[in-house]
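The chain contents come next:
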Amino acid sequence: MTVTPVMPEVQERLAAWPMPRTCPYAPPDAYAELRRGGPVKVRIRTGEAWLITRYDDVRAVLTDARFSSDDTQPGFPVRIQLPPAPRVMSFTRMDGPEHGRLRRMAMTEFTARRTRALRPSVELLVERLVDELERGPRPADLVAAFSVRLPSLVIARMLGVPEADECDFTELSQAVLSQDATPEEIYAAFVEMTQYLDELIRRKGREPEEDLLSRLATQYVATGELSHDDLVAMARLFLVAGHETTAHQLSLSVLSLLREPGQLERLRRDPDLFAPAVEELLRYWSITQDNQVRVAVEDAEIGGARIAKGDGVILAYPSANHDESVFPGGDRVDLDRDASRHIAFGYGPHLCPGASLARMELEVALRALVGRFPGLRVADVPGAVSFRENTINYGLDSLLVTW
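> Help me understand the pairing of strand E6 (residues 293-296), please; the structure alone is not making it clear to me.
Each regular strand displays side chains that alternate between the two surfaces of the sheet. Burial along E6 is two-sided: the residues Val293 and Val295 and Arg294 and Ala296 are all buried. Two elements, strand E4 (residues 67-68) and E6, share two bridges in a ladder whose sense is antiparallel. For Ser68, the partnering residue across the bridge sits in E6 and is Val295. Here three bridges tie E6 to strand E9 (residues 312-315), and the two strands are oriented antiparallel to one another. By the bridge assignment, Arg294 is partnered in E9 with Val313.

Take a look at the structure:
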């Protein structure tokens, strides 16, 4: 991959990205100031890139074909240290017709209709996990005991992954997305996950069951419309994205509500607030903080900045979703806000295919926790809240709660 070199004296003057948070409950302070102007260049591990912070500018890039998601393009800002091979991240790192072709295959499994059909089974899973939480010791780590397990179980059942392998996949996906692990550790986790999925998909092709991988294998791989390797990449994407993001959004959402008992009490009194609360909490946290990137494949102008072909672009979702021109008072959680325009799931052709599933899981989980534990609160013990640092997706390592 070719990266435009940056003169050392120029690079020294650029702010480093990712930018630090001075408060773990808020996006980096620098974003508020940066939104007053157009895009700026920042220093990244492989050189430099444009940082886009304003809501309108971010949406403009997300719908502009001059900005590519193809990570094999020269100048693409590499954040996840995966093998530099085409199609590693499935259709999320593709453009145009091929992106659309593969995405349509995946979307047959993530429609609103399928999500509604899944809801009763998700409710049963949530009830089981809440029962276990209630019977267990206190304080309990909500992250380990509930938030990580729920989406892992949901996506594993959808794909047809045996439940016994749930913990292994949680650890592997965290390793793949880690920014603290060595390239060797990341690659080892990537290879292990790929080998497992390779064999699982071959087995589904021979002995199909009622699950997503079986349907994709028999409907598309068997007919030659989808290669085996592309289905492996797609399954890998589902596993990593399908539980990692939802798990951390759920933990942070609960933490937000526990920090503001008044909001929590409103949810208890008015169950109709749960759906809009999910949207507002998605907007507020915008956990996909550091991996929404593109590269310009033609010269373009965004927000007054002239971006040249080959320049990398970083889309600061947390900044865009806190843009005061769109979300007044965006630095606070407001359950009365209409947050429907948020871009926590992206926007345009690359809108997250699992958005409806994630929304449903979050709503079901929050309803169950709020309903079952009227006295739910952060435990009064040292280190009760531990934030993840230097990660692609923002979240919590632990959240100790009691009731």
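Alright, that's what it looks like, and here's the rest.
> Can you walk me through the pairing of strand E2 (residues 40-44) in this structure?
Relative to E2, strand E1 (residues 15-16) runs parallel, the two sharing two bridges. Residue pairing in the sheet places Ala16 in a bridge with Arg43 of E2. Pairing of E2 with strand E3 (residues 47-52), which is carried by five bridges, proceeds in the antiparallel orientation. By the bridge assignment for E3, Val42 is matched with Ala49. Linking two consecutive strands that pair antiparallel, namely E2 and E3, is a turn of two residues.

> What is the right way to read the confidence of the model for the protein from this model?
For any part of a model where pLDDT is low, the fine detail of the predicted coordinates should not be relied upon. Across the protein, pLDDT averages 91, with 94% of residues at or above 70. In the model, residues 1-11 has pLDDT below 50 throughout and makes 14 contacts with residues more than four positions away in sequence or in other chains.

> Honestly, the pattern of salt bridges in this entry has me stumped. Any pointers?
Two side chains carrying opposite charge are able to pair once their charged atoms lie near each other. For the structure on display, the rule yields 28 salt bridges. Between Arg128 and Glu132 there is a salt bridge; the shortest N-O distance is 3.6 Å. Remark: Glu132 and Arg128 occur in helix H5 (residues 112-135); sequence separation between them is four residues, near one turn of the helix. A salt bridge links Glu363 to Arg367; the shortest N-O distance between them is 3.0 Å. Within this pair, Glu363 and its partner Arg367 are both found in helix H15 (residues 355-372), separated by four residues, close to a single helical turn. In the salt-bridge network here, residues are joined through shared partners; they are Arg87, Glu98, Arg101 and Asp230.

> Please explain the packing of helix H7 (residues 149-159) against helix H11 (residues 228-259) as it appears in this structure.
Geometry of a packed helix pair, given as the angle between the helix axes and the separation of the axes. Where H7 contacts H11, the two axes come as close as 8 Å, and the packing angle between them is 155 degrees. Between H7 and H11, the crossing angle belongs to the class labelled roughly antiparallel. As H7 runs across H11, the sense of the crossing is right-handed. Side by side, H7 and H11 meet where Leu150, Pro151, Ser152, Ile155 and Leu159 of the first sit next to Ala235, Phe238, Leu239, Gly242, His243, Thr246, Ala247 and Leu250 of the second. Tallied by class, the residues present in the contact of H7 with H11 amount to nine nonpolar, four polar and no charged.

> Can you walk me through helix H3 (residues 55-62) in this structure?
Owing to its 3.6 residues per turn, the α-helix aligns residues three or four sequence positions apart on the same side. Turning to H3, its buried residues number three or more, namely Tyr55, Asp57, Val58, Val61 and Leu62. Angularly, the buried residues of H3 cover 165 degrees about the axis, an arc narrow enough to put them on a single face. On the buried face of H3, the contacting elements are E3, E4, E6, strand E7 (300-302), E9 and helix H14 (317-320).

> Whenever I open this one, the packing of aromatic side chains confuses me. Can you help?
In this description, a pair of aromatic rings is defined by centroid distance and the angle of the planes. All told, the structure shown has eight aromatic pairs when counted by the stated rule. Here the aromatic rings of Tyr284 and Trp285 are separated by 5.1 Å at their centres, their planes lie at 85 degrees, and the arrangement is edge-to-face. Each member of the pair, Tyr284 together with Trp285, is buried. The rings of Tyr25, Tyr284, Trp285, Phe387 and Tyr394 are connected pair by pair, giving a single aromatic cluster.

> Would you take a moment to explain the nonpolar core for this structure?
Here is a general trend for soluble globular proteins: nonpolar side chains tend to be buried in one another's company. Ranked by size, the top nonpolar core spans 90 residues in total, and within it Phe146, Phe238 and Val254 carry the most contacts. The contacts of Phe146, once residues within four sequence positions are left out, are Val126, Leu129, Val130, Asp141, Leu250, Ala365 and Leu369. In terms of nonpolar packing, the next biggest core, distinct from the first, is built from 19 residues, Val61, Leu62, Ile302 and Val313 among them.

> Where do I start with the packing of helix H13 (residues 274-285) against H15 in this structure?
Direction vectors running N to C along H13 and H15 enclose 115 degrees, while the axes themselves pass 9 Å from each other. Accordingly, the angle class assigned to the pair H13 and H15 is roughly perpendicular. Where H13 crosses over H15, the two elements pack in a sense that is right-handed. Every residue of H15 that contacts H13 at Phe274, Ala275, Val278, Glu279, Leu281 and Leu282 is listed here: Arg359, Leu362, Glu363, Leu366, Arg367 and Val370. The residue inventory of the contact of H13 with H15, partitioned by class, reads eight nonpolar, no polar and four charged.

> Whenever I open this one, the sheet that holds E2 confuses me. Can you help?
Backbone-to-backbone hydrogen bonds join strands into a sheet, with any given pair of strands oriented parallel or antiparallel. Taking strand neighbours across the sheet as the criterion, the six strands line up as E1-E2-E3-E9-E6-E4 in an open arrangement whose pairing is mixed. The sheet is open, and its two borders are formed by E1 and E4, each paired with just one other strand. Each of E3, E4, E6 and E9 touches H3; the most contacted strand, E9, lies at about 125 degrees to it.

> Looking at this model, I keep getting lost on unusual backbone geometry. Mind explaining?
Both trends apply: most residues other than glycine have a negative phi, and most peptide bonds are in trans. Of the consecutive residues Trp17 and Pro18, the connecting peptide bond is found in the cis state with omega at 5 degrees. Looking at where Pro18 falls in the secondary structure, it is placed in the loop between E1 and helix H2 (30-34). Of note, the amide linkage connecting Arg138 to Pro139 takes the cis form, showing an omega dihedral of 0 degrees. Among the secondary structure elements, Pro139 is positioned in the loop between H5 and strand E5 (140-141). Even without glycine at this site, Ser90 takes up a positive phi of about 55 degrees. Topologically, Ser90 is positioned in the loop between E4 and helix H4 (96-107). Residue classification places Ser90 among the buried residues on the basis of a relative accessible area of 1%. Within the chain, Ser286 stands out as a residue other than glycine whose phi angle is a positive 40 degrees.

Criteria and cut-off values
- Residues numbered from 1 in each chain as written.
- Predicted model: local features only at pLDDT ≥ 70, side-chain atom pairs only at ≥ 80, totals over all residues.
- Heavy atoms only, no water.
- Buried < 20%, exposed > 50% of the residue type's maximum accessible area, 1.4 Å probe, protein only.
- Helix = DSSP H or I, 4+ residues; strand = E, 2+ residues; numbered from the N terminus.
- Pairing = 2+ DSSP bridges.
- pLDDT = per-residue confidence, 0-100.
- Contact = heavy atoms within 4.5 Å.
- Salt bridge = Lys/Arg side-chain N within 4 Å of Asp/Glu carboxyl O.
- Axes fitted to C-alpha atoms, helices over the stretch in contact; angles between N-to-C directions.
- Parallel < 35°, antiparallel > 145°, perpendicular 65-115°, else oblique.
- Left-handed = near helix turned anticlockwise from the far one by under 90°.
- Nonpolar A, V, L, I, M, F, W, Y, C, P; charged D, E, K, R; others polar.
- Arc of directions from axis to C-beta.
- Phe/Tyr/Trp six-rings, centres within 6.5 Å; stacked < 30°, edge-to-face > 60°.
- Core = buried A, V, L, I, M, F, W, Y, C linked by side-chain atoms within 4.5 Å.

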